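Survey of secondary and tertiary structure
As a plain string of letters, each chain reads:
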Amino acid sequence: DNNRSSEYSYDKTGNIIKLIYTEKNKPVTVEFEYEFDKQNNWTKQIKSVNGERLFVWTRKIEYYE
C-alpha cells in the first residue's frame, strides 16, 4: 500500500501532541500528553493510540548551575 499519509500537530513549544496516519486502510490517531519540570522540559510523556493509553515514558533531567 503506497497510499500512506501522516498528519502531525505540535504545541507552541514544538512538542508533538497528535499524529494521525493510515494503517491497513484505517486511520490511527496517536495523542501525546506531557508533564513538565520547572525548566519546562517534559519529564513524563503519555502516548495514547486510538484513545487507549499504551505507553508512558519518564525521564529524569539533572541541571548544573
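Bear in mind the structure is a predicted one, so any value in this text is a computation, not a measurement.

Quick notes on the rules
- Residues numbered from 1 in each chain as written.
- Predicted model: local features only at pLDDT ≥ 70, side-chain atom pairs only at ≥ 80, totals over all residues.
- Heavy atoms only, no water.
- Helix = DSSP H or I, 4+ residues; strand = E, 2+ residues; numbered from the N terminus.
- Rg over C-alpha atoms; globule rule 2.2 N^0.38 Å.
- Buried < 20%, exposed > 50% of the residue type's maximum accessible area, 1.4 Å probe, protein only.
- Core = buried A, V, L, I, M, F, W, Y, C linked by side-chain atoms within 4.5 Å.
- Contact = heavy atoms within 4.5 Å.
- Salt bridge = Lys/Arg side-chain N within 4 Å of Asp/Glu carboxyl O.
- pLDDT = per-residue confidence, 0-100.
- Pairing = 2+ DSSP bridges.
- Axes fitted to C-alpha atoms, helices over the stretch in contact; angles between N-to-C directions.

Within the protein, the secondary structure is distributed over 0 helices and 5 strands. The C-alpha radius of gyration computed for the protein amounts to 15 Å, which surpasses the reference 11 Å derived for 65 residues by more than 25%, pointing to a less compact arrangement than a globule. The principal-axis extent of the C-alpha atoms belonging to the protein is close to 50 × 20 × 15 Å. With 65 residues in all, the protein has 17% of them scored as buried.

Quick look at the nonpolar core now. Within soluble globular proteins, side chains that are nonpolar tend to cluster in buried spots. By size, the foremost hydrophobic cluster in this structure holds 7 residues: Ile-16, Leu-19, Val-28, Val-30, Phe-32, Tyr-34 and Trp-42. Secondary-structure elements contributing two or more residues to this core are strand 2 (16-23) and strand 3 (26-36). Counting residues per element, this core draws most heavily on strand 3, at 4 residues. The residues touching Val-30, leaving out its near neighbours within four places in the chain, are Ile-17, Lys-18, Leu-19, Tyr-21, Lys-47, Ser-48 and Val-49.

A full pass over the atoms with the stated rule returns 2 salt bridges. For Arg-53, the salt bridge is made with Glu-33, and the minimal N-O distance between the two is 2.9 Å. Remark: Glu-33 occurs in strand 3 and Arg-53 occurs in strand 5 (residues 52-58); sequence separation between them is 20 residues.

This brings us to the confidence of the model for the protein. Taken residue by residue, the protein gives an average pLDDT of 93. The fraction at 70 or more is 95%. Within the protein, strand 4 (residues 42-49) carries the highest mean pLDDT (98), whereas strand 2 carries the lowest (95).

Moving on, we get to the sheet that holds strand 2. Read from one edge to the other, the open sheet built from 5 strands follows the order 1-2-3-4-5, with strand pairing classed as antiparallel. Because the sheet does not close on itself, it has two edges, and the strands there are strand 1 (6-10) and strand 5. Averaged over all pairs of adjacent strands, the angle between strand axes in this sheet comes to 15 degrees, irrespective of strand direction. Bridge analysis of strand 1 against strand 2 gives 5 bridges, and the strand direction is antiparallel. Residue pairing across strands places Tyr-8 opposite Leu-19, the latter belonging to strand 2.

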